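Structure assessment
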2 protein chains.
Amino acid sequence: MRYELYYWPTIQGRGEFVRLALEDAGADYEDVGNQADAGITEISYYLEGQATVRPPFAPPFLKAGETVVSHVANILQFLGPRLALVPDDEQSRLWAHGLQLTLTDFVAEIHDVHHPLGASLYYEDQQAEARQRAALFLDERLPKFLGYFEQVLELNPESEACLVGVAHSYVDLSLFQVVSGLRYAFPRAMARHEEAFARVSELARRVAERPSIAAYLASSRRLPFNESGVFRHYPELDTD
Amino acid sequence: MRYELYYWPTIQGRGEFVRLALEDAGADYEDVGNQADAGITEISYYLEGQATVRPPFAPPFLKAGETVVSHVANILQFLGPRLALVPDDEQSRLWAHGLQLTLTDFVAEIHDVHHPLGASLYYEDQQAEARQRAALFLDERLPKFLGYFEQVLELNPESEACLVGVAHSYVDLSLFQVVSGLRYAFPRAMARHEEAFARVSELARRVAERPSIAAYLASSRRLPFNESGVFRHYPELDTD
């Protein structure tokens, strides 16, 4: 199966959670938005209902044969069994999907730190509000979310090294991506917080060392973090 | 199967999307948070990892036998086949789940209109920012989301009366709830916008007339909207 990932070019964004799963598994895929000059046009055909009568609301979406799947968590739930990135039993799959949806919520909050009033306004036009939201986010929400994943690792009776059961899963890849993005966006706050979440840090370290992930991270396919994506480094929002 | 819904008492909140599916299907369920004095304590046991080694991040979560499922979209995906509220084929289920996840994003944006800086601050302490966010939300985001669901109904080759295939599904119930909540929170803005989305309005009307839903809405189990839930009526945020 050759998968087609449809996502905006030049940013990691939410598409990166899907890329990491495809790369980890060595899957055959085309990154449509980044490959072709016509990538954005192709994405638009889907969003506008010209390419399908079941249009996605927004990228990322994945095409697998005739199947179109949208939303990161839905895509990863679809890919998980096909790429051997989730256990077989239904309870573990429901659990993995629930964890992924918690990461979805976390990512939305991370995005809204730099856009508290709305995504259509420039950051510069909501910088004062962003500072207020960032202070609350870094003091309350960031430790709450990271603390939750630390608790999940601690309580996992099968392993402290992965979130779901005994083996690496797509949720581990996504948590790695969130930790990487937070270190980029908020290096000072993460230096302050991360030692309280040693299991999460250790998981991120192990994911980065997986041969397929290490190779991907060193490749040109891994776009750098930048100030157009979800995780943005604005020093004025970061605090000790 | 007797289902147990765990959600905060006294508000519709995100639990309402699950309640509507259970009520529509006439399922046997206990609304734990609203039934027992000890409801909040029971919820806490789950969140703190005392009742399960796989703790949910937040309510709502559903218990079905030994299975615990968290996040509205995950719960509805789990219940859909069991309550005959989603078609049988995989593509339709992926599509339904994607639509539900778009509603999840919409609901999060609706919530953040009254809490743009953070959920831990009182509304009164972020009222000026809420006004700015509300103006952008009502001008841009509300028509974008409602327009998307209007497009989905228009493009559905099997029916204009429901979102997925030819029959009523859990996604229709959730869209009804969002429309109801928006009418409560922003009556003036909805009066302005709704005529552009006639199919969405018609779907909401039909859902409300389903016998099991009409009976539920008339019962004391349907908590009134209030200013502690997701959909809050603050007149100063509503505009013509």
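Predicted model only: the values in this text are computed from it and were never measured.

Rules used in this analysis
Residues numbered from 1 in each chain as written. Chains lettered and ligands numbered in written order. Predicted model: local features only at pLDDT ≥ 70, side-chain atom pairs only at ≥ 80, totals over all residues. Heavy atoms only, no water. Domains from an automatic or database assignment. Contact = heavy atoms within 4.5 Å. Buried area = accessible area lost by both parts, 1.4 Å probe. Salt bridge = Lys/Arg side-chain N within 4 Å of Asp/Glu carboxyl O. Helix = DSSP H or I, 4+ residues; strand = E, 2+ residues; numbered from the N terminus. 1 Å grid on protein atoms, 1.4 Å probe; cavity = no way out; pocket = protein on both sides within 12 Å on 5 of 7 lines; lining within 4 Å. Points joined across faces, edges and corners; volume = space filled by probe spheres on them. Nonpolar A, V, L, I, M, F, W, Y, C, P; charged D, E, K, R; others polar. Pairing = 2+ DSSP bridges. Axes fitted to C-alpha atoms, helices over the stretch in contact; angles between N-to-C directions. Right-handed = clockwise from strand over helix to strand, strands pointing away. Least-squares fit on C-alpha atoms with pLDDT ≥ 70 in both.

Comments concerning the domain arrangement of chain A
Residue and element names in this part refer to chain A. Domain parsing of chain A yields domain 1 (2-82) and domain 2 (90-210). Using C-alpha coordinates to define each centre, domain 1 is positioned 22 Å away from domain 2. Taken together, the contacts link 14 residues of domain 1 with 16 residues of domain 2. Summing both sides of the interface, domain 1 and domain 2 together bury roughly 1200 Å²; the carbon and sulfur share of this comes to 66%.

Examining the pattern of salt bridges
All names here are of chain A. Tallied over the entire structure, the rule returns 36 salt bridges over all chains. Two residues, Asp 28 and Arg 2, come together in a salt bridge whose shortest N-O distance is 2.5 Å. Of this pair, Asp 28 sits in strand β2 (residues 28-31) while Arg 2 sits in strand β1 (residues 2-6), placing them 26 residues apart in sequence. Glu 209 is paired through a salt bridge with Arg 205; the nearest N and O atoms lie 2.9 Å apart. Remark: Arg 205 and Glu 209 occur in helix α9 (residues 198-209); sequence separation between them is four residues, near one turn of the helix.

Description of empty space enclosed by the protein
All names here are of chain B. Within this structure, the stated rule accounts for four cavities of 30 Å³ or more. Estimated volume of the largest cavity: approximately 50 Å³. What lines the largest cavity is Ile 11, Gln 12, Gly 13, Pro 224, Phe 225, Asn 226, Gly 229, Val 230 and Phe 231. For the lining of the largest cavity, a count of residues per class yields five nonpolar, four polar and no charged. Inspection of the lining of the largest cavity shows a minimum of three residues originating in each of domain 1 (2-82) and domain 2 (90-237).

A few points about the layout of surface pockets
Unfilled space is identified by rolling a water-sized probe across the atoms. Its volume calculated, the second largest pocket comes out at about 530 Å³. Lining the second largest pocket are 18 residues, with Gln77(A), Arg93(A), Leu94(A), Gln77(B) and Arg93(B) positioned closest to its centre. For the lining of the second largest pocket, the secondary structure elements donating two or more residues are α4 (72-82) and α5 (90-114) of chain A together with α4 (72-82) and α5 (90-114) of chain B. In terms of residue class, the lining of the second largest pocket is built from ten nonpolar, two polar and six charged.

Section: the sheet that holds strand β1 (residues 2-6) of chain B
All names here are of chain B. The strand order across the open sheet built from four strands is β2-β1-β3-β4, with neighbouring strands paired in mixed fashion. Each edge of the open sheet carries a strand with a single partner, namely β2 (28-31) and β4 (67-70). Across the sheet, the mean angle separating the axes of adjacent strands is 20 degrees when strand polarity is ignored. Where strand β3 (residues 61-64) meets β4, four bridges bridge the pair, whose relative direction is antiparallel. In the sheet register, Ala 64 faces β4, and the bridge partner there is Thr 67.

Observations concerning the interface of chain B and chain A
Between chain B and chain A, the contact holds 48 residues from the first and 48 residues from the second. Interface area for chain B against chain A, summed over the two sides, is near 4200 Å², with a carbon-plus-sulfur share of 55%. For chain B, the biggest contributors to the area lost against chain A are Arg54(B), Phe57(B) and Leu117(B); these three give 19% of the whole. Linking chain B with chain A are four salt bridges. With a shortest N-O distance of 4.0 Å, Arg133(A) and Asp112(B) are connected by a salt bridge.

Section: the pairing of β1(A)
Residue and element names in this part refer to chain A. Judged from the four bridges that link them, β1 and β2 form a sheet pairing that is parallel. Looking across to β2, one finds that Tyr 3 is bridged to Tyr 29. Handedness of the β1-helix α1 (residues 15-24)-β2 crossover: right-handed. Both β1 and strand β3 (residues 61-64) contribute to a ladder of four bridges, which runs antiparallel. The partner of Leu 5 across the bridge, within β3, is Leu 62.

Some words on the sheet that holds β2(A)
All names here are of chain A. Spatially, β2-β1-β3-β4 is the arrangement adopted by the four strands of the open sheet, whose pairing is mixed. Strand pairing shows two members of the sheet lacking a second neighbour, β2 and β4 (67-70), which therefore form its edges. Neighbour to neighbour, the strand axes of the sheet diverge by 20 degrees on average, direction disregarded. α4 contacts β1, β3 and β4 of the sheet and is inclined by roughly 130 degrees relative to β4.

Quick notes on the relation of the copies chain B and chain A
It takes a turn of 180 degrees to lay chain B on chain A, together with a shift of 0.0 Å along the axis; the resulting RMSD is 0.0 Å. Both chain copies can therefore be described as sitting about a two-fold axis. Across chain B, the rotation axis passes nearest the C-alpha of Pro116(B), at a separation of 2.7 Å. Most of the interface of chain B is mirrored in chain A, where 100% of its interface residues again form contacts.

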